[in-house]
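Residue-level structure breakdown
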Amino acid sequence: MQRSIAVLGAGGWGTALALLLAEKKYKVTLWARRPSFADRLASVRENQDYLPGIRLPNSIQITSDLERAVYGCDVLILAVPSMGVRSIARRISTLVHRNQIIVNAAKGLEPDSLCRLSQVIAAELGSAYEDRIVALSGPTHAEEVSRHMFTAAVVSGTGWSSVELAQDVLMAPFFRIYTNPDLTGVEVAGALKNVIALGAGILEGLGLGDNSKAALITRGLAEMARLGVALGANPATFAGLAGLGDLVATCTSPHSRNRRAGIALGQGKPLQAILDASPMVIEGIPATSAAWKMAQEYGVDMPITEQVHRIIFENQKPERSLALLMGRPKKGEFF
C-alpha cells in the first residue's frame, strides 16, 4: 500500500523532506501557509525563496488548504519554525486521527512554557497522541539533503512502533536514520545547539580563530549535556547525532543561519537589523531565552548560554562577554 504523507511547512527543510519522500514514491502533499506562495510553488515547481535551484516533481501536491493536506494521510510531518509548532498543532487537533503519526522536524524550546516541542504538540492534540509523536533531529541542512549529499539523522519518541515507522518512512540511500529512545535528550540537544552556534558565530565576527571555536564547541557541548541530564536525558545522547553531530554542523556550516546571525552580532550589528535581514527564523534567539530560564530554574551552570543571552537581550558587548568567560575561576575539565 502506498503511504500518504503530508509535510506541513514549505520552507527549505519542509521542501527537502517532501522531495525525499516523493522520490520514495510516497503520495506527498506539501502545505504552505500563504495561498499566494502555494500557488507560486505549484506553478513554478521550485522553492525560489528557500531552496532555489531544486525542481519539485509534479507528483508533489501543493496546497494552502490545511484540511486537504491532513485528511487521510498516514504520516504528518511538521516542518514549521519552532515558534509556530503550538499554533499548527492546535489547528490540526480537530483534523488528526489516532492512526496517524506526527513527526516533528522543528528544533527548539517554547520560551514561555519552557516545554519541549513534543510536549507542546501533545498538549494541543491530547495525551492519547503522546505515543504517536516522533522527533526528527541531527545535522540535516536542507540545502544538502535536497542534493542527495550523504546525511545521517535520528528519530525519537515514547511510542517505539511510531519511531520505527518514522525510521522506515524517512530512510533513503543518502539519508540514514538511527533511532534513539531518549526523547528528552534528542529534543534538548537539537534546541541548545543553536544557542552555541550563535556563540560560535560571535567568535567569528570578532575575528577569532579555530582554537577559540573548538573550545566553545567543546565547552558548549558540556553545558548542553548538563542541562539535558538535569531534565532527565541520557548524557550519551549529547555525543550522538542530535548533540555533537548537529552542533558541529551548525557551528561551522555556511548554511547555518544561527552561525551567520552570530557573526553579525560579533561584528556589532543590531539584533533587529539581523532579524529583519533574515528571510528565515533564527531559532537560536528564542532557544537562548528558554535555555537561560531553564538553567536558572534547575540550577545548572551554563556560562556560554548566559553570555549569549546577555549579548542578545541585554546589549552586552561581545568583547565583554568573552573576557568574562575567559576570566572565570579555574577548575578541572570534568567536575
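Just so it is clear, the structure is predicted and the values come from calculations on it, not from any experiment.

Another aspect to go through is the sheet that holds strand 10 (residues 175-179). Reading across from one edge, 5-2-1-6-7-8-9-10 is the order of the eight strands in this open sheet, with mixed pairing throughout. Each edge of the open sheet carries a strand with a single partner, namely strand 5 (61-63) and strand 10. Sheet twist, expressed as the average angle between the axes of neighbouring strands with direction ignored, equals 25°. Pairing geometry for strand 2 (residues 27-31) and strand 5, over three bridges, is parallel. In the sheet register, Thr29 faces strand 5, and the bridge partner there is Gln61. Strand contacts of helix 4 (residues 85-92): strand 1 (4-8), strand 2, strand 6 (75-78) and strand 7 (101-104), with the helix running at about 155° to strand 6, the strand carrying the most contacts.

This part is about the pairing of strand 10. In terms of strand pairing, strand 9 (residues 151-157) meets strand 10 through five bridges, oriented parallel. When the sheet's bridge partners are listed, Ala153 is paired in strand 10 with Ile177.

If you trace the backbone, Ile60 turns up in the loop between strand 4 (51-55) and strand 5. Relative accessible area serves as the criterion here: at 1%, Ile60 is assigned to the buried category. Placed 18 residues apart in sequence, Ile60 and Ala42 show a C-alpha to C-alpha distance of 8.8 Å. Apart from residues no more than four positions distant in its own chain, Ile60 is found in contact with Ala18, Leu19, Ala22, Val28, Leu30 and Arg45.

For Ala233, the location among the structural elements is in the loop between helix 9 (210-230) and helix 10 (241-252). The exposure class assigned to Ala233 is buried, which follows from its relative accessible area of 7%. Sequence spacing of Ala233 and Gly185 is 48 residues, and the spatial spacing of their C-alpha atoms is 4.6 Å. Here Ala233 is in contact with Asp182, Thr184, Gly185, Gly228 and Phe238, once residues within four sequence places are set aside.

Attention shifts here to the nonpolar core. Counting residues in hydrophobic clusters, the biggest one holds 44 residues, and the most contacted among them are Leu192, Ile196, Leu198, Met224, Phe238, Leu247 and Cys251. Elements with a contribution of two residues or more to this core: helix 8 (183-205), helix 9, helix 10, helix 11 (257-266), helix 13 (284-298) and helix 14 (303-313). Looking at this core element by element, the count peaks at twelve residues for helix 8. Residues in contact with Met224, not counting those within four places in the same chain, are Ala189, Leu192, Lys193, Ile196, Phe238 and Leu247.

Moving on, we get to empty space enclosed by the protein. Overall, the coordinates contain two cavities of 30 Å³ or more when judged by the stated rule. Looking at the largest cavity, its volume works out to about 100 Å³. What lines the largest cavity is simply Gly199, Ile202, Leu203, Leu216, Ile304, Gln307, Val308, Ile311, Pro318, Ser321, Leu322 and Leu325. Among the secondary structure elements, those contributing two or more residues to the lining of the largest cavity are helix 8, helix 14 and helix 15 (318-326). Here the lining of the largest cavity is built from residues that sort into nine nonpolar, three polar and no charged. As a volume, the second largest cavity reaches approximately 80 Å³.

Okay, helix 13 next. For helix 13, which comprises 15 residues, the first-to-last C-alpha distance of 20 Å matches the rise-based estimate of 21 Å (1.5 Å per residue) to within 8%. Along helix 13, eleven of the 15 residues are buried, which leaves the element largely enclosed by surrounding structure. Phi turns positive one or two residues past the end of helix 13, at Gly299, with a value near 65°.

What follows covers the packing of helix 8 against helix 10. When two helices pack together, their arrangement is given by the angle between the helix axes and by the axis-to-axis distance. Packing of helix 8 against helix 10 brings their axes to within 8 Å, and their N-to-C directions diverge by 30°. As summarised for this structure, helix 8 and helix 10 are arranged roughly parallel, according to the angle between their axes. The hand of the helix 8/helix 10 crossing is right-handed. In this structure, helix 8 contributes Val186, Ala189, Gly190, Lys193, Asn194, Ile196, Ala197, Ala200 and Glu204 to the contact, and helix 10 contributes Ala242, Gly243, Asp246, Leu247, Thr250 and Cys251. Here the contact of helix 8 with helix 10 is built from residues that sort into eight nonpolar, four polar and three charged.

The next subject is the pattern of salt bridges. Summed over all chains, the structure comprises 13 salt bridges. Between Asp49 and Arg40 there is a salt bridge, with the nearest N and O atoms lying 3.0 Å from each other. Classification of Arg40 by relative accessible area gives partly exposed; the value is 30%. Between Glu306 and Arg310 there is a salt bridge, and its shortest N-O distance comes to 2.9 Å. Of this pair, Glu306 and Arg310 are both found in helix 14, four residues apart, which corresponds to roughly one turn of the helix. Using a relative accessible area of 25% as the deciding quantity, one classes Arg310 as partly exposed.

Attention now goes to the layout of surface pockets. Empty space among the atoms can be located by rolling a probe the size of a water molecule over them. Of the voids in this model, the largest pocket is the one considered here, and its volume is about 1,000 Å³. Along the walls of the largest pocket sit 41 residues, with Gly11, Ala79, Val80, Pro81 and Arg257 positioned nearest its centre. At the level of secondary structure, the elements contributing two or more residues to the lining of the largest pocket comprise helix 1 (12-23), helix 4, helix 6 (142-145), helix 8, helix 10 and helix 11. Looking at the lining of the largest pocket, its residues break down into 18 nonpolar, 14 polar and nine charged. Volume-wise, the second largest pocket comes out at about 510 Å³. Around the second largest pocket, the lining is made up of 21 residues, and of these Arg219, Ile304, Leu325, Met326 and Arg328 lie nearest the centre. Sorting the residues of the lining of the second largest pocket by element identifies helix 9, helix 14 and helix 15 as the ones contributing at least two each. Take the lining of the second largest pocket: its biggest share by element is six residues, from helix 9. Taken together, the residues that form the lining of the second largest pocket break down as eleven nonpolar, two polar and eight charged.

Calculation notes
Residues numbered from 1 in each chain as written. Predicted model: local features only at pLDDT ≥ 70, side-chain atom pairs only at ≥ 80, totals over all residues. Heavy atoms only, no water. Pairing = 2+ DSSP bridges. Helix = DSSP H or I, 4+ residues; strand = E, 2+ residues; numbered from the N terminus. Axes fitted to C-alpha atoms, helices over the stretch in contact; angles between N-to-C directions. Contact = heavy atoms within 4.5 Å. Buried < 20%, exposed > 50% of the residue type's maximum accessible area, 1.4 Å probe, protein only. Core = buried A, V, L, I, M, F, W, Y, C linked by side-chain atoms within 4.5 Å. 1 Å grid on protein atoms, 1.4 Å probe; cavity = no way out; pocket = protein on both sides within 12 Å on 5 of 7 lines; lining within 4 Å. Points joined across faces, edges and corners; volume = space filled by probe spheres on them. Nonpolar A, V, L, I, M, F, W, Y, C, P; charged D, E, K, R; others polar. Expected span 1.5 Å × (residues − 1). Parallel < 35°, antiparallel > 145°, perpendicular 65-115°, else oblique. Left-handed = near helix turned anticlockwise from the far one by under 90°. Salt bridge = Lys/Arg side-chain N within 4 Å of Asp/Glu carboxyl O.

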